Amino acid sequence: MLTSQVIIIGAGAAGLMCAMSTAARGRRVLLLDHVNKAGKKILMSGGGRCNFTNLYCEPANFLSHNPHFCKSALARFTQWDFIALVARHGVPYHEKKLGQLFCDNKSSDILDLLLDECEQAGVDLRLNTSVSEITRVDGGYQLQTSIGPTHCESLVIATGGLSIPTLGATGIGYQIARQFGHNVLPTRAGLVPFTITDPQLKALCSELSGTSVEDCRITCNGQSFVENILFTHRGLSGPAILQISSYWQPGEAISIDLLPRIDLPAWLAEQQRERPNSELKTLLADLFTKKMASLLAEHWFTSKPMKQYTPGELKVIAERLSDWQLVPAGTEGYRTAEVTLGGVDTREVSSKTMESLKSPGLYFIGEVLDVSGHLGGFNFQWAWASGYAAAQYV
Ligand code: FDA
């Protein structure tokens with residue numbers, strides 16, 4: 001039987017960080033994954049440039065039923081710790097916007113860094129390895145795997161969420177949690193585009209497909225984000241939409257302020273004064289693309305010379321552009337979601353060690369836990385921080 005002090009299931013962001021940091025303490029680590037390559041999501045992330053952390057990472061950037069849980073781990077392995085690691089490996093990076101740090105070259109720079117650290121520390125990485133059964137035995141856990149039976153003192157579950165099954169996502173982490181008496185909070189897709197089925201709205205989105213509008217304010221359930229939106233053939237995407245999707249529940253309306261930086265009533269009044277003979281769609285083309293301006297004027301308003309609008313009509317135009325209420329039909333689901341909301345209930349896990357409060361020697365890290373970050377490098381920072389926290393105790 002293969003015996004290790006620590007077995008980690010899942011060689012993604014959290015599993016790799018935990019493996020390298022645990023092995024660096026001199027512990028014998030076996031890192032298992034059922035796919036043929038470690039860190040597939042790292043490679044896909046950030047459009048191929050991996051948004052590996054965020055300069056302004058704070059607990060407020062995370063969603064969880066237990067918002068305090070993430071604080072301890074985030075404080076003990078911060079964005080600055082990961083930046084120092086990146087710098088030590090000479091990986092070039094830059095801030096894109098809003099504190100989001102991306103590789104200058106490729107995401108593989110981050111994966112190579114983690115694999116390099118694992119190799120230096122002596123981690124035994126086994127890919128194409130599946131786990132069929134886990135039992136608690138004296139002094140630890142016994143696993144039946146495709147490379148034979150294995151035993152460990154500490155077992156770390158780093159199997160991530162359900163997003164993007166084609167990259168290796170499975171629900172095994174939730175199954176294991178339930179097996180050992182844990183509550184798993186309902187899961188759903190987060191950081192995901194919206195679909196629209198309302199025929200008129202769908203036609204508008206489809207005609208504008210590929211058009212992005214900068215710095216819109218999106219609001220839902222008391223949460224707001226100012227970022228870009230993108231029209232797609234099936235609905236709405238772009239960073240602002242992905243962010244708000246994590247706060248949205250089916251059936252709810254979202255509000256979009258297309259021009260949050262403009263005082264619209266004042267702007268429309270000024271245009272009426274200064275350009276009385278210009279049509280609304282011509283004026284809107286100063287604020288949006290020409291196509292979008294004429295489609296909005298056609299779908300939402302009757303375009304006519306500014307001098308013909310009554311004050312009441314101008315008020316309606318201002319309200320529509322600054323508070324566009326729409327009810328998405330749904331989301332694109334786990335097929336394209338960047339994260340899974342919900343997961344292993346953190347009220348049954350130590351926030352200091354990531355150890356199960358139900359089954360000693362069992363640990364949960366990364367996205368399998370009910371901790372999900374905003375868009376912008378926060379989900380990787382959680383993977384690094386939780387992986388590092390567990391590594392100090394396994
Ligand atoms: P992760 O999913 O990384 O790893 C889980 C591992 O467990 C996988 O290797 C999987 O194969 C393995 N596994 C699953 N089931 C198993 C089983 N049955 N047996 C054995 N192994 C099993 N975040 C961010 O901060 N910045 C970004 O730029 C992006 N970009 C991005 C793009 C895309 C397309 C996606 C889908 C996601 C992102 N994210 C992101 C989110 C980020 O990738 C994610 O939150 C982390 O990878 C989570 O790390 P984990 O290690 O918890 O899971």
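Residues numbered from 1 in each chain as written. Predicted model: local features only at pLDDT ≥ 70, side-chain atom pairs only at ≥ 80, totals over all residues. Heavy atoms only, no water.

## Quick notes on the overall build of the protein chain
Looking only at helices and strands, one finds 13 helices and 21 strands in the protein chain. Burial status across the protein chain gives 55% buried among its 394 residues. Taking the intrachain contacts of the protein chain between residues at least 6 apart in sequence as the baseline, contacts between residues at least 24 apart amount to 72%. In the form shown here, the protein chain has an accessible surface area of approximately 16,500 Å², with 49% of it arising from carbon and sulfur atoms. Averaged over its 34 positive side-chain charges, the protein chain has a centre that lies 2 Å from the centre of its 37 negative ones. (Helix = DSSP H or I, 4+ residues; strand = E, 2+ residues; numbered from the N terminus. Buried < 20%, exposed > 50% of the residue type's maximum accessible area, 1.4 Å probe, protein only. Contact = heavy atoms within 4.5 Å. Areas by Shrake-Rupley, 256 points an atom, 1.4 Å probe, with all protein chains shown as cover. Lys, Arg positive; Asp, Glu negative; His and termini not counted. Charge placed at Lys NZ, Arg CZ, Asp CG, Glu CD.)

## Structural notes on the sheet that holds strand E12 (residues 194-195)
Strand order in this open sheet of 7 strands is E17-E16-E13-E14-E15-E12-E18, and the pairing throughout is antiparallel. Of all the strands in the sheet, just strand E17 (324-326) and strand E18 (330-331) have a single pairing partner and so form its edges. Looking at chain direction, strand E16 (residues 254-257) and E17 are connected through 3 bridges and run antiparallel. Counted as the bridge partner of Ile-254 is Leu-326 from E17. Its contacts with the sheet put helix H7 (residues 199-207) on strand E14 (223-231), strand E15 (235-237) and E17, and the angle it makes with E17 is roughly 115 degrees. (Pairing = 2+ DSSP bridges. Axes fitted to C-alpha atoms, helices over the stretch in contact; angles between N-to-C directions.)

## Section: the environment of Phe-364
Summarising the element assignment, Phe-364 is placed in strand E20 (residues 362-364). Among the residues examined, Phe-364 registers a relative accessible area of 0% and is labelled buried. Linking Phe-364 and Gly-10, residues 354 residues apart in sequence, is a C-alpha distance of 11 Å. Ignoring anything within four residues of it in the chain, the contact list for Phe-364 reads Ile-157, Gly-173, Ala-177, His-182, Val-344, Val-349, Met-354, Ser-356 and Leu-369.

## Some thoughts on the pattern of salt bridges
Under the criterion given, the structure shown has 12 salt bridges. Residue Arg-275 pairs with Asp-286 through a salt bridge whose shortest N-O separation is 3.0 Å. Here the residue Arg-275 occupies a position in the loop between helix H9 (264-274) and helix H10 (280-284), and Asp-286 occupies one in the loop between H10 and helix H11 (290-299), the gap between them amounting to 11 residues. Across the pair Glu-348 and Lys-358 runs a salt bridge whose closest N-O atoms are separated by 4.0 Å. Here Glu-348 is found in the loop between strand E19 (339-344) and E20, whereas its partner Lys-358 is found in the loop between E19 and E20, with 10 residues between them in sequence. Residue Lys-358 is classed as partly exposed on the basis of its relative accessible area, which comes to 45%. (Salt bridge = Lys/Arg side-chain N within 4 Å of Asp/Glu carboxyl O.)

## Section: the site of the ligand
Around the ligand lies a shell of 29 residues, among which Ala-14, Asp-33, Thr-170, Glu-367 and Phe-380 are the nearest. The side chain of Thr-170 places a nitrogen or oxygen atom 2.7 Å from a nitrogen atom of the ligand. When the ligand sits alone it has 1,000 Å² of accessible area, and the protein chains cover 94% of it. Elements that contribute at least two residues to the shell around the ligand include exactly helix H1 (13-24) and helix H13 (378-391). Among the elements that line the shell around the ligand, the one with the most residues is H13, at 4 residues. Among the residues making up the shell around the ligand, the classes are represented as 12 nonpolar, 13 polar and 4 charged. (Near = heavy atom within 4 Å. Polar contact = N/O pair within 3.5 Å; in protein donor to acceptor, adjacent residues only side chain to side chain. Nonpolar A, V, L, I, M, F, W, Y, C, P; charged D, E, K, R; others polar.)

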